[in-house]
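Summary of the model geometry
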Amino acid sequence: MLDLKITGGTVVDGTGAERYRADLGIKDGRIVEVHRRSTDDDALQTEAAEHIDATGRIVAPGFVDMHTHYDGQVSWDDTLEPSSLHGVTTVVSGNCGVGFAPVRPGREQWLIELMEGVEDIPGSALAEGITWQWESFPEYLDAIEKRALSVDYGTQIAHGAVRGYAMGERGARNEEATTEDIAAMSRIVQEAVEAGALGFSTSRTEAHRAIDGEPVPGTYAAEAELFGLGRAMAAGGRAVFEVSPQGTAGESPEEATMRELDWMTKLSADIERPVSFTMIQTGGAPDLWRRQLERAGKALENGIELYAQFAARPFGMLFGFPGYHAFTHRPTYRRLKAEFGHEELAARLADPAVRAAILSETDLPPQPVPLFDSLFALIQHSTDRIFVMGDPPDYEPTPDQTVAAIAEARGQDPLAAMYDLMLESDGTAMMMLPFFNYADGNHDAIYEMMTHPAAVSGLSDGGAHCGLICDASYPTFLLTHWARDRRRGPKFSLEYVVRKQTLDTATLYGLSDRGVLAVGKKADVNVIDMGALHLEVPRMVYDLPAGGRRLVQGAAGYDATVVSGVVTRRHGADTGARPGRLIRGVR
């Protein structure tokens, strides 16, 4: 007797091979039968306790998202939404050099402010939600291991937390590490990997700063420190060294960014472990990513595992009245926001008198803290680069969809047009300002990135950037846009985009038990109605601890998501099942 069988579907197995009709038999969390059908009547006959009819559906592996930031959320939220809304069955957290372990008693708030600044996760939500049942990294893993989740959770040890723990204020202020400091940090990193960390992460981009504006600890780490920690990671076992390199956000000269590839290549060769770095197209150096990929490709040809993480769509900011926008520093808006709740505020903003008052006012001056307090000014001066998203959302818009173009067509002032556009959908409409991956006004650069053997799908930042973006929906976007809907350029086969977020991402992190639908593999499965699959419009919700806000983007078209042989979501709804567990080390 099987626990579950999925019959009648078309299998896209994660290897990139051509799809085929088959039935899956699942028992004890594993795939035990893959029965290829020769005719409609040639069905898997084995009895099962539960049956999913997948006729007319795609059956694919659960998606493995290797770049998330659920480090704190995992301690209070067992669904790990929004990632679990999009067919994700495994997440890897602890990226970009920020995390919550190890932590010295009394230093919890410092780590919260570091995460809040770098990843835009409300500090009040983290302070209220995190349970802090640990000091060391192994104790953090022990605490998470007690949690029953809707997805599997793996994590990495973060340089910022390690530096703060081992070096105290000197580490937090980015002072140079001594030989003794490196030895102390190395012991922590090795212990973490031995306990089950999937990698070590560090950030070297000045775009990553704590809420008080200070760069992430480790930003200016010398090569001796980086190599010392890389060797410690390798001594602990098979793991990935993850880097947000200098110049990631275009804040450094091109040659400084390319020098990062030098030490990363040497490190990977030295420790014989994968090094993965974030890579996006910037407006100031729109072709730099090609040089980075060329260097990574040459390393791979020489047997050195150097991989670039790409983003599947433009990377930037969503804004509207529920979040950041151009009018946050107008006195009338400030007064109304303090007086009214979300729905009433939207109604007040639609009042013609209120609109006129806000549009006529001068902005209050920004404050140096919090970090994003001056975004309103950037938005006001970017109307020629801000796009209306629409419904369904359009992530490859044309110039006529900018606020400036719409204002000109209407004969309006651009800020007045922006105000009116944000009032749509009862004041919940969102707009997109693509900072990265859109220098050419299309997705051609992303397409080229996706074809490169040294590029892996990442940067969804699930659980992070709560008020700015919602890219945890990348898995659905890869299926809909890149395999089906793109109109302004070439697409990929469904087989290709499934592999990019299953076998490829699982393999990088040594998770050989998943990412493919084959006998013996972990039974993480998606049953997808490709004809109905679509992304919903991003919306702001206020469901974090302490009433914290976050952008959430749902999807329709997932008939079922299965984790370890248990159905966790059915037609988009959470079933309440919690088969997800902590991943300790490679497998």
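Residues numbered from 1 in each chain as written. Predicted model: local features only at pLDDT ≥ 70, side-chain atom pairs only at ≥ 80, totals over all residues. Heavy atoms only, no water.

1. Some words on the overall build of the chain
To be explicit about the condition: Only DSSP runs of H or I covering at least 4 residues are called helices, and only runs of E covering at least 2 are called strands; the numbering of each starts at the N terminus. Radius of gyration: over C-alpha atoms. The globule rule applied is 2.2 Å multiplied by the number of residues raised to the 0.38 power. Categorising residues by exposure relies on relative accessible area from a 1.4 Å probe, with only protein chains included: less than 20% of the type maximum marks a residue as buried, more than 50% marks it as exposed, and the intermediate range marks it as partly exposed. Two residues form a contact once any of their heavy atoms are found within 4.5 Å. Each accessible area is a Shrake-Rupley result for a 1.4 Å probe, and residues are judged covered by the shown protein chains and nothing else. In this charge count, Lys and Arg are treated as positive and Asp and Glu as negative; neither His nor the chain ends contribute. For this purpose, a charge sits on NZ of Lys, CZ of Arg, CG of Asp or CD of Glu.
A count of helical and extended segments in the chain gives 19 helices and 25 strands. A compact globule built from 587 residues would reach a C-alpha radius of gyration of about 25 Å, and the chain, at 24 Å, matches this within 12%. Reported as C-alpha extents along the three principal axes, the dimensions of the chain are approximately 70 × 65 × 45 Å. Counting the 587 residues in the chain, one finds 62% classified as buried. Nonlocal contacts in the chain, meaning residues at least 24 apart in sequence, comprise 75% of its contacts between residues at least 6 apart. When the accessible surface of the chain is totalled, it reaches about 21000 Å², and 49% of it is carbon and sulfur. Each charge class in the chain can be summarised by its mean position, and for the 55 positive and 84 negative side chains these summaries are 2 Å apart.

2. Details of the packing of helix 3 (residues 137-145) against helix 6 (residues 179-195)
Applied cut-off: In this analysis, axes come from line fits to C-alpha atoms, helices being fitted only over the stretch in contact, and the angle between any two N-to-C directions falls in the range 0 to 180 degrees. For classification, angles of less than 35 degrees are called roughly parallel, those exceeding 145 degrees roughly antiparallel, those between 65 and 115 degrees roughly perpendicular, and all remaining angles oblique.
Here helix 3 crosses helix 6 at 25°, and the two axes come no closer than 8 Å. Considering their axes alone, helix 3 and helix 6 lie roughly parallel with respect to each other. Packed against helix 3, whose contacting residues are F137, P138 and L141, the element helix 6 presents E191, A192 and A195 at the interface.

3. A short note on the pattern of salt bridges
Worth spelling out the cut-off: Salt bridge, as used here, is a side-chain nitrogen of Lys or Arg placed within 4 Å of a carboxyl oxygen of Asp or Glu.
Applying the stated rule across the entire model yields 39 salt bridges. Ionic pairing is found between R170 and D181, a salt bridge with its closest N-O pair at 2.9 Å. Here R170 is found in helix 5 (residues 169-172), whereas its partner D181 is found in helix 6, with 11 residues between them in sequence. A salt bridge links R550 to D543; the nearest nitrogen and oxygen atoms lie 2.8 Å apart. Exposure remark for R550: the relative accessible area of 8% places this residue in the buried category. Connected through salt bridges with shared partners, the residues D152, D513, R514, K522 and D524 form a single ionic network.

4. Quick notes on helix 1 (residues 108-119)
Note on helix geometry: an α-helix contains 3.6 residues per turn, so any two residues three or four positions apart are oriented the same way. The condition that has to hold: Between the first and last residue of a helix there are one fewer steps than residues, each counted as 1.5 Å, and that sum is the expected span.
With 12 residues, helix 1 extends 16 Å from end C-alpha to end C-alpha; this agrees with the ideal 16 Å at 1.5 Å per step. Those residues of helix 1 lying buried are L111, I112, L114, M115, G117, V118 and E119. Packing partners of the buried residues in helix 1 comprise helix 2 (123-129) and helix 4 (159-167). Just downstream of helix 1, D120 is the residue with a positive phi angle, here 50°.

5. Details of the sheet that holds strand 8 (residues 152-155)
Sheet strands pair via backbone hydrogen bonds, and the direction of the pair is either parallel or antiparallel. To keep things clear, this is the line we draw: The rule for pairing is simple: two strands pair if DSSP sees at least two bridges between them.
Strand order across the open sheet formed by three strands is 6-7-8, with parallel pairing between neighbours. In the strand order of this sheet, the two ends are held by strand 6 (63-65) and strand 8, each with one partner. Within this sheet the neighbouring strands show an average axis-to-axis angle of 15°, counted without direction. When strand 7 (residues 88-93) meets strand 8, the two strands line up parallel, connected through four bridges.

6. Here's the deal with the nonpolar core
One recurring pattern in soluble globular proteins: nonpolar side chains tend to sit buried together. Worth spelling out the cut-off: Here, the term nonpolar core denotes a set of buried Ala, Val, Leu, Ile, Met, Phe, Trp, Tyr and Cys residues that are joined through side-chain atoms within 4.5 Å.
Counting residues in each nonpolar core, the largest one holds 143 residues, and the members touching the most others are Y153, M418 and L479. For this core, the leading source of residues is helix 6, giving seven residues. Among all residues touching L479, those that are not within four sequence positions of it are F63, R484, L494, V497, V498, Q501, I528, M530, L533 and Y558.

7. Notes on the sheet that holds strand 13 (residues 306-310)
Pairing in this open sheet of six strands is parallel, and the strands run 9-10-11-12-13-17 from one edge to the other. At either end of the open sheet lies a strand with only one pairing partner, and these are strand 9 (157-158) and strand 17 (455-457). Examined bridge by bridge, strand 10 (residues 199-203) and strand 11 (residues 240-244) share five bridges and lie parallel to one another. The residue bridging T202 from the neighbouring strand is V243, located in strand 11. In this fold helix 8 (residues 254-271) packs onto strand 11, strand 12 (275-278) and strand 13, with an angle of close to 155° to the strand it touches most, strand 12. With respect to the sheet, helix 9 (residues 288-301) is in contact with strand 12, strand 13 and strand 17, its orientation differing from that of strand 13 by roughly 145°.

8. Notes on the packing of aromatic side chains
Rules: Pairing of aromatic rings covers Phe, Tyr and the six-membered ring of Trp, with a centre-to-centre limit of 6.5 Å; geometry is then stacked below 30 degrees between planes, edge-to-face above 60, and tilted otherwise. Charges are assigned to positions over rings by a cutoff of 6 Å between ring centre and Lys NZ or Arg CZ, combined with an angular limit of 35 degrees from the ring normal.
Under the definition given, this model contains 19 aromatic pairs. With centroids separated by 6.2 Å and ring planes inclined at 80°, the aromatic side chains of F241 and W263 adopt a geometry described as edge-to-face. Of the two residues, F241 is situated in strand 11 and W263 in helix 8; the sequence distance between them amounts to 22 residues. Summarising the aromatic geometry, the rings of F492 and Y496 are spaced 4.9 Å apart at their centres and angled 15° between planes, so their arrangement reads as stacked. Given a relative accessible area of 10%, F492 falls into the buried group. Put simply, the rings of F100, W132, W134, F137 and Y140 pair up and form one aromatic cluster. Directly above the aromatic system of Y395 lies the positively charged group of R313, at a separation of 4.0 Å from the ring centroid.

9. Here we look at the pairing of strand 1 (residues 2-11)
Consecutive side chains of a regular strand alternate in pointing toward one face of the sheet and then the other. Of all 10 residues in strand 1, eight are buried; the element is thus mostly enclosed. Direction of pairing for strand 1 relative to strand 5 (residues 58-61): parallel, over a ladder of two bridges. What sits directly across from T10, in strand 5, is I58.

10. Points about the environment of L345
Within the fold, L345 resides in helix 11 (residues 342-349). Between the C-alpha atoms of L345 and Y333, which are 12 residues apart in sequence, the distance is 9.0 Å. With residues near it in sequence (within four places) discarded, L345 still touches Y333, L336, K337 and F340.

11. Structural notes on the environment of E495
Where we set the bar: Here a polar contact means two N or O atoms within 3.5 Å. Within protein one must be a hydrogen donor candidate and the other an acceptor candidate, and residues neighboring in sequence count only if both atoms are side-chain atoms.
Examined against the element boundaries, E495 turns out to sit in helix 18 (residues 494-500). Judged by relative accessible area, E495 falls into the buried class, the value being 8%. Sequence separation between E495 and G16 is 479 residues; the distance between their C-alpha atoms is 4.8 Å. A distance of 2.8 Å separates the side chain of E495 from the side chain of R19, its partner in a polar contact.

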